[in-house]
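Descriptive analysis of the structure
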Amino acid sequence: MSAEERSEYERLRRAATLRHRRTRRLGASILLLVALLLSPLAVVSAWVQDTVSDTDRYVETVAPLASDPAVQKVVINRLTARVVEQVDVEAVTASLTKVLADADAPPRVVAGSEALTGPLTSAVRTVVRRNVERVVTSDLFQQVWEGANRRAHAAVLRMLTGEREGALRATDDAIELDIGSVVDQVRQRLVDQGFERAALIPDSDRTVTLFRTAELARAQDAMRVLDIVGTWLPALTIALAALAVWTAPGHRLMLLITAVGIGLMMVALLIALAAMRRVYLDTVPVATLPPDAAAAIFDTFVRFLRDSTRTLIVVALVTALAAYLYGPGRAAVALRSGARRGAGAAGRGLSRAGLRVGPVGRRLAARRSWATGVVIGAGALALVLWNHPTVGSVALVLGLVLVALAAVAVLVAVAASGPPGDGAASGHATP
């Protein structure tokens with residue numbers, strides 16, 4: 001090949017390589033964009049699927065509502081008002097006035113009996129409220145609440161699909177909770193204490209409206225879609241992100257960009273949840289549900305979604321930091337150099353103290369990059385297999401990974417600092 005032909009060949013080769021890199025970069029960018037757009041939806045769909053399909057998880061989600069003071073206050077006020085409405089105090093005072101009049105009681109006494117309506121109503125309300133409060137704030141109420149939610153777990157599915165049955169159901173533009181078991185307990189307790197009129201509490205008055213929204217139908221449609229895709233959308237999002245990293249010409253840089261992008265999307269999801277909370281509280285009439293009770297209900301229902309989102313933010317930050325530290329940045333190089341010097345000093349000290357790593361240490365030193373990859377991969381796998389990881393579990397796994405990496409570095413330094421026949425500096429073991 002002549003010089004001119006070789007020059008033309010090199011030019012065409014560089015042009016082909018450049019086009020190839022541009023194609024890979026474009027493909028990786030498209031994959032990353034799709035993965036980032038899907039990531040918030042994947043988190044929400046996984047939360048919906050997890051909460052709906054796992055009875056224990058669902059009960060764990062709603063259980064705190066039974067002990068929340070704001071929610072207890074709403075239940076106590078509603079039940080007290082309904083019971084007092086069934087006690088016709090005016091009829092009682094009218095009967096008393098008639099009896100006194102028929103008995104020729106003094107006019108002052110007869111007139112005074114007519115003024116007993118207010119005090120009697122207050123007394124009845126006090127006694128009824130005391131009994132209702134005793135039931136609602138008891139451990140029995142906690143058990144009844146959790147048991148009812150566990151038995152009625154299928155009602156959540158009916159609510160999401162718009163069926164008007166079960167303890168938690170959608171009715172027109174409202175989400176209602178059936179508190180019939182609590183009504184039964186309060187009614188029986190009051191009857192036992194002599195309030196026979198309490199037996200007339202109607203069975204139709206056994207629900208508490210949690211919230212109303214004109215967008216309920218749309219929300220149900222969205223929840224159905226999320227429930228359907230909840231099993232595979234998270235996996236698809238992870239696969240797209242991994243494919244974007246693998247396709248990009250610079251794997252480390254793309255991993256850094258992907259981690260930062262997912263972290264930002266999770267921050268956006270938290271902001272969206274805060275905005276939804278504000279809209280929800282603004283749309284709930286105070287007469288329907290006090291603001292503190294409405295806030296408690298919303299925060300209780302989405303707390304696991306918030307926890308998962310915060311966990312993903314921490315994972316994204318750790319991944320981005322790791323990708324940066326493996327790069328050519330000045331701070332990254334300085335940190336790696338300092339870590340190598342520290343591990344080398346520790347290894348030499350242990351070697352002088354008589355520590356020998358043997359064949360295992362020598363093989364580890366010869367395959368250090370593989371050992372590092374296995375440690376990092378094991379940490380990632382632990383988080384994937386962890387049931388509902390939290391920020392604390394991420395910190396625990398990260399700490400164990402760092403300890404394992406430090407141990408590998410020290411063992412490699414010990415192997416390199418040992419006697420020539422025992423070390424791995426030459427890459428092979430002694431006979």
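Predicted, not measured: the structure shown is a model, and the values here were computed from it. (Residues numbered from 1 in each chain as written. Predicted model: local features only at pLDDT ≥ 70, side-chain atom pairs only at ≥ 80, totals over all residues. Heavy atoms only, no water.)

Let's talk about the overall build of the protein
For clarity, the threshold we go by: Only runs of H or I of at least four residues qualify as helices and only runs of E of at least two qualify as strands under DSSP, and these elements are numbered from the N terminus. Whether two residues are in contact is decided by their heavy atoms: any pair within 4.5 Å suffices.
Counting its regular elements, the protein contains 17 helices and three strands. A separation threshold of at least 6 residues defines the contact pool for the protein, and within that pool the share at least 24 residues apart is 75%.

Some remarks on the nonpolar core
What counts here: Grouping buried Ala, Val, Leu, Ile, Met, Phe, Trp, Tyr and Cys residues that are joined through side-chain atoms within 4.5 Å yields what is termed a nonpolar core. For each residue, the accessible area found with a 1.4 Å probe, counting protein chains only, is set against the maximum for its type, and the residue is called buried under 20%, exposed over 50%, and partly exposed in between.
Ranked by internal contacts, the top residues of the largest apolar core, which has 43 residues, are Trp47, Val132, Val186, Tyr280 and Leu289. Of all the secondary structure elements, the ones that give two or more residues to this core are α1 (3-53), α2 (55-62), α3 (69-86), α6 (117-136), α7 (139-151), α9 (180-192), α12 (251-283) and α13 (291-325). Residue contributions to this core peak at ten residues, all from α13. Membership of the second largest hydrophobic core comes to 15 residues, among which are Leu31, Leu38, Ala244 and Val245.

A word on α13
As a reminder, the rule being used: The span expected for a helix works out to 1.5 Å for each residue beyond the first. By definition, a residue's bend is the angle between the axes fitted to the seven residues ending there and the seven starting there.
In this model, α13 (35 residues) spans 47 Å end to end at C-alpha, consistent with the 51 Å of a helix rising 1.5 Å per residue. When the local axis directions of α13 are compared, the greatest deviation, roughly 50°, occurs at Val302.

Focus: the packing of α2 against α13
Put simply, the test is: Structural elements are reduced to axes, namely lines fitted to C-alpha atoms, with helices fitted over the stretch in contact, and the angle between N-to-C directions of any two is expressed from 0 to 180 degrees. Should an angle lie under 35 degrees it is considered roughly parallel, over 145 roughly antiparallel, and from 65 to 115 roughly perpendicular; all remaining angles are considered oblique. Under this grouping Gly is polar, as are all residues other than the nonpolar Ala, Val, Leu, Ile, Met, Phe, Trp, Tyr, Cys and Pro and the charged Asp, Glu, Lys and Arg.
Between α2 and α13, the shortest axis-to-axis distance is 8 Å and the interhelical angle comes to 130°. If you check the angle between α2 and α13, you find them oblique. Every residue of α13 that contacts α2 at Arg57, Glu60, Thr61 and Val62 is listed here: Thr300, Phe301, Arg303 and Phe304. Here the contact of α2 with α13 is built from residues that sort into three nonpolar, two polar and three charged.

Here we look at the environment of Leu383
Along the chain, Leu383 falls in helix α16 (residues 368-385). Assessed through its relative accessible area of 19%, Leu383 is described here as buried. Along the backbone, Leu383 and Leu398 are 15 residues apart, and their C-alpha atoms lie at a distance of 9.7 Å. Those residues in contact with Leu383 that lie beyond four places of it in its chain are Val315, Pro389, Ser393, Val394 and Val397.

Remarks on the pattern of salt bridges
Keep this limit in mind: Counted as salt bridges are all cases of a side-chain nitrogen of Lys or Arg within 4 Å of a carboxyl oxygen of Asp or Glu.
The tally for this structure, following the rule as stated, stands at six salt bridges. When the shortest N-O distance is used, the salt bridge between Arg57 and Asp50 registers 3.2 Å. Classification of Asp50 by relative accessible area gives partly exposed; the value is 21%. One salt bridge connects Arg57 with Glu60, and the closest N-O pair in it is separated by 3.9 Å. Highlighted residues: Arg57 and Glu60, both in helix α2, separated by three residues, approximately one helical turn. One network of salt bridges, with partners in common, ties together Asp50, Arg57 and Glu60.

Some words on the packing of aromatic side chains
Here is the rule: In summary, the pairing rule links any two rings of Phe, Tyr or Trp, Trp by its six-membered ring, whose centres are within 6.5 Å, and it sorts them by plane angle into stacked for under 30 degrees, edge-to-face for over 60 and tilted for everything else.
This model, assessed by the stated rule, comprises two aromatic pairs. Aromatic pair Phe141 and Trp145: ring centres 5.9 Å apart, planes at 55°, arrangement tilted. Placement of both Phe141 and Trp145 in helix α7 is noted, with a separation of four residues, approximately one turn of the helix. Exposure class is identical for Phe141 and Trp145. Each is buried. Ring geometry for Tyr280 versus Phe298: centroids 5.5 Å apart, planes at 25°, classification stacked. Within this pair, whereas Tyr280 is found in helix α12, its partner Phe298 is found in helix α13, the two being separated by 18 residues in sequence.

Points about the UniProt feature "transmembrane region" (unreviewed entry) in the protein
To keep things clear, this is the line we draw: UniProt positions are given in the numbering used here, feature names are shortened, and annotations may be inferred rather than shown by experiment.
This chain's UniProt record puts "transmembrane region" (unreviewed entry) on residues 228-246, 253-276, 309-327, 370-388 and 394-416. Structurally, residues 309-327 is divided into 89% helix and 0% strand, and its ends, taken at the C-alpha atoms, are 27 Å apart. As annotated, residues 394-416 comprises 100% helix and 0% strand, and the C-alpha atoms at either end are separated by 33 Å.

Notes on unusual backbone geometry
At His388, a position not held by glycine, the phi torsion is positive, near 55°. As for its placement among the helices and strands, His388 is situated in the loop between α16 and α17 (391-417). For His388, a relative accessible area of 27% puts it in the partly exposed group.

Brief notes about the side chain of Ser39
With respect to the helices and strands, Ser39 occurs in helix α1. A residue is classified by how much of its surface remains accessible, and Ser39, at 5% relative accessible area, is buried. Every residue in contact with Ser39, bar those within four places of it in the chain, is listed here: Thr237, Met265 and Met266.

Focus: the environment of Ala42
You can see Ala42 is positioned in helix α1. Residue Ala42 is classed as buried on the basis of its relative accessible area of 6%. The spacing of Ala42 and Thr231 is 189 residues in sequence and 9.3 Å in space, taken between C-alpha atoms.

Thoughts on the packing of α16 against α17
Short version of the rule: Crossings are classed by handedness, with left-handed meaning an anticlockwise turn of the near helix from the far one by less than a right angle and right-handed meaning a clockwise turn.
In the contact formed by α16 and α17, the axes pass within 10 Å of each other and the chain directions differ by 165°. Accordingly, the angle class assigned to the pair α16 and α17 is roughly antiparallel. The two elements α16 and α17 meet at a crossing, and its hand is right-handed. Of the residues in α17, those in contact with Arg368, Ala371, Thr372, Val375, Ile376, Gly379, Ala382 and Leu383 of α16 are Ser393, Val394, Val397, Val401, Ala404, Leu405, Val408, Ala409 and Val412. Taken together, the residues of the contact of α16 with α17 break down into 13 nonpolar, three polar and one charged.

Thoughts on α17
Across its 27 residues, α17 extends 39 Å between first and last C-alpha, which sits within 8% of the 39 Å expected from 1.5 Å per residue. Those residues of α17 that sit buried are Ser393, Val394, Val397, Val401, Val408, Ala409, Val412, Ala413, Val414 and Ala415. On its buried face, α17 sits against α13, α14 (330-352), α15 (358-366) and α16.

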